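# Survey of secondary and tertiary structure
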Amino acid sequence: MAMTRSRKIALVISGLLLMLLVIGVALLALVYLAFRDGEPDVANNSVLVLQVKGSLPDYAAQDPIATRFFGASDLSLTELLLQFKKAKVDKRISAILLEIDSSGAGWAKADEIRDAIAEFRKSNKPVYAFMEYGANKEYYIATACDRIYVAPIGDLYINGLAAEAMFYRGALDKLGVYADFYQIGKYKNAPDQYTRKEMSEAQREVLNAMLDDIFNRYVDRIAAARQKSPTDVRALIDNAPLSATDALGAGLIDGAKYRDEVERELKERLNYKEADKLRLAKFSDYRRVSAETLGLNKGERIALIYTSGVIMSGTSGGGSPFGDGQTVGSDTVVKALNDARDDKTVKAIVIRVDSPGGSSYASDVIWHAVESAKEKKPVVISMGDAAASGGYYISAGANKILSGPSTITGSIGVFAGKTVLKGFYDWVGVNSEYVTRGKNAALFRETEPFTPEERAKFEGMIKDFYYGDFLPKVAKGRGKDVEYIDSIAQGRVWTGTQAKERGLVDEFGGLDRALEVAKELAQIPAGKSVRPVIFPAPKTFLEGIFGIDTTDEAATAQMKQQQAAIAALPEDMRRAFRVATLLGRMQRGEVMALMPFELVIK
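Within each chain, residue numbers correspond to sequence positions counted from 1 in written order. Local features are withheld for residues below a pLDDT of 70 in this predicted model, meaning they are given only at 70 or higher, and side-chain atom pairs are given and counted only at 80 or more; totals for whole chains, interfaces and linings count all residues. With hydrogens and water stripped out, all remaining heavy atoms of the structure feed into the side-chain values.

### As for the pattern of salt bridges
- By definition, a salt bridge exists where a carboxyl oxygen of Asp or Glu is found within 4 Å of a side-chain nitrogen of Lys or Arg. Per the stated rule, a full pass over the model turns up 39 salt bridges.
- With a shortest N-O distance of 2.5 Å, R352 and E112 are connected by a salt bridge. Placement of R352 in strand β14 (residues 346-355) and of E112 in helix α4 (residues 107-121) is noted, with a sequence separation of 240 residues between them.
- In this structure R352 comes out as buried when scored by relative accessible area, which is 1%.
- For E112, a relative accessible area of 9% corresponds to the buried category.
- The residue R492 makes a salt bridge to E205 at a minimum N-O spacing of 2.9 Å. Here the residue R492 occupies a position in the loop between α18 (482-488) and β20 (493-495), and E205 occupies one in helix α8 (residues 201-226), the gap between them amounting to 287 residues.
- The structure contains a network of salt bridges with shared partners spanning D58, K109, E112, R352 and D354. Only DSSP runs of H or I reaching four residues or more are called helices, and only runs of E reaching two or more are called strands; each is numbered from the N terminus. Relative accessibility thresholds used throughout: buried, under 20% of the residue-type maximum; exposed, over 50%; partly exposed, between the two (1.4 Å probe, protein chains only).

### Quick look at the packing of α8 against helix α9 (residues 230-238)
- Whenever a helix is involved, its axis is fitted only over the stretch in contact; in every case the axis is a line through C-alpha atoms, and angles between N-to-C directions fall within 0 to 180 degrees. Closest axis-to-axis distance for the α8/α9 pair is 9 Å, and the angle between their directions is 110 degrees. As summarised for this structure, α8 and α9 are arranged roughly perpendicular, according to the angle between their axes. Residues F215, N216, Y218, V219, D220, I222 and A223 of α8 form the contact with α9, whose participating residues are P230, V233, R234 and I237.
- Amino acids outside the nonpolar list (Ala, Val, Leu, Ile, Met, Phe, Trp, Tyr, Cys, Pro) and the charged list (Asp, Glu, Lys, Arg) are all regarded as polar, and Gly is one of them. Among the residues forming the contact of α8 with α9, the class breakdown is 8 nonpolar, 1 polar and 2 charged. Should an angle fall under 35 degrees it is called roughly parallel, over 145 degrees roughly antiparallel, and 65 to 115 degrees roughly perpendicular, with every other angle called oblique. By definition, residues are in contact when any of their heavy atoms lie within 4.5 Å.

### Remarks on empty space enclosed by the protein
- Computed over the protein atoms alone on a 1 Å grid, cavities are sets of points where a 1.4 Å probe fits but cannot get out and pockets are open sets with protein on both sides within 12 Å along at least five of seven lines; a residue lines them when it has an atom within 4 Å of a point. Grid points are joined across faces, edges and corners, and a volume is the space filled by probe spheres set on the points. In total, this model carries 2 cavities of 30 Å³ or more according to the counting rule given.
- Roughly 30 Å³ of internal volume is contained in the second largest cavity.
- Take the lining of the second largest cavity: its biggest share by element is 3 residues, from helix α3 (residues 77-89).
- Per-class residue counts for the lining of the second largest cavity are 4 nonpolar, 1 polar and 3 charged.

### Some points on the packing of aromatic side chains
- Ring pairs shown here join Phe, Tyr and Trp side chains whose ring centres sit within 6.5 Å, with only the six-membered ring taken for Trp; geometry is labelled stacked below 30 degrees between planes, edge-to-face above 60, and tilted in between. Evaluation of the coordinates by the stated rule reveals 18 aromatic pairs.
- Centre to centre, the rings of W107 and Y218 are 5.6 Å apart; their planes meet at 75 degrees, and the pair counts as edge-to-face. Here W107 is found in helix α4, whereas its partner Y218 is found in helix α8, with 111 residues between them in sequence.
- The exposure class of Y218 is buried, given its relative accessible area of 1%.
- Residues F444 and F458 carry aromatic rings whose centres are separated by 5.7 Å and whose planes lie at 80 degrees to one another, so their mutual orientation is edge-to-face. Of the two residues, F444 is situated in the loop between α16 (422-428) and α17 (452-478) and F458 in helix α17; the sequence distance between them amounts to 14 residues.
- Accessibility expressed as a relative area gives 1% for F458, which makes it buried.
- In textbook terms, an aromatic cluster arises when at least three aromatic residues are bridged by ring pairs, as seen for Y393, F465, Y466, Y467 and F470.
- Placement of a positive charge over a ring is assigned whenever Lys NZ or Arg CZ falls within 6 Å of the ring centre and within 35 degrees of the normal to the ring plane. The ring of F450 carries K418 above its face, with NZ or CZ at 4.5 Å from the centroid.

Dropping the structure here:
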């Protein structure tokens, strides 16, 4: 039968489209090959320039093509630490110049950076720190280096540590909003920010204990690094801020110099000729030197799973537009754990936890996946800046738990509730009515607080979770009695040092040490190296084009735009937005295993 004219046209158009698609794929492949970053040339006797700045998330995927076209993503802690390891064994690198700027890293990450500097210095290669100015954490990191320089115009704001707690009860009263909450644990103070106007004695007790622990360690390590007594360091802190000249006179730094003057000193240290130019290896280039070519990251595979951010149901993502950072999606983490569990080439699993907690339901789902994985291979937890409440829940069952001395952990407790908006609705002229079927159908209505019967039902649900799930699972994982865990739980937040004393943490160490512990538990011979493998594997640029739901990609792009706009607001306003977001989630009846306060120690 003869082909119709319209069908011929359709076939021609289809053929052309197919041909264009093939050509497009071929061109993209050629672009990928052409722009794929190769190994850079690194001259002998080079100085590697590294920066400590920005948010320093635990992990940020890098793709050479995406980096070339759209710029590199934020520097991650994992990538920064890898550069130290590479430079230690790279004979072409003779020193590191560490540029330290304002960083969002917490105190536990600061300790990991200091540990990486100390490990690098075992190679007898120097590390010079340079700051235009420095605050507490920046100076703390710098004290691990051989020499510290501050620009002549700079200052040291080592004024001591302060922890801030904000309370919204006064604002809610003015808006006619009443927070109707219930929490378990003497120290589970998360609802306090909505129900109180000032700090409770329990919260003040915890904050003081944590500040004492971190501040004492801060003072002691500065004293040891600068060869001073702790008493002298405390006196200098009490007199801060200090100008670069005053800091030099006090022996806190080794020079008040500009960057080019520091480079000249490095030239002398490395025996350069006067006429020679200092050979600098930029981080943007050196990051392309693969660890494998230097003999690192080879051998048996150990799965590495990152869980950074608030724990939620669903897939992991980039957080909310209100500055919450990344989110830990239970679906994403469970799949990663199951894949690593079933991969016969994977000998052990390390989970990096940097989370204040979140949804109790999502946390429990991840806990179950850890238990399942543990039946086949060792599971080790590496705690970052925080692994509290739900973050501790997902950690409790692992074979080993490692943290930093300043990691914020514990917070074993739960809370839930709702906001009553009747006063606000009356104020703005809104009337809300309910037609229900079922005795408790209006349990979470926004216009009325819980009735006595509703509250009894609601509190019973929360108690069932805490006493029937949270406490027993932590006790089982840590090999302790439930009564003992309850005595140190109560929603109380501990530093890593305090948690280790109470058996909630096994030992101190960062991610590298966690990989070593996993290697030991997997009975991999000590002389063999291991290769950490990220689960889920990060998508490449081409996979991102052809393998991602464009709706999700568009949503991600929109989220980034919103985050950029919100980032311009003062921190207190961003915090208020985060509170509103959290209240909205709890309005659905979600039980939260979340830190009792938003802790920022500066």
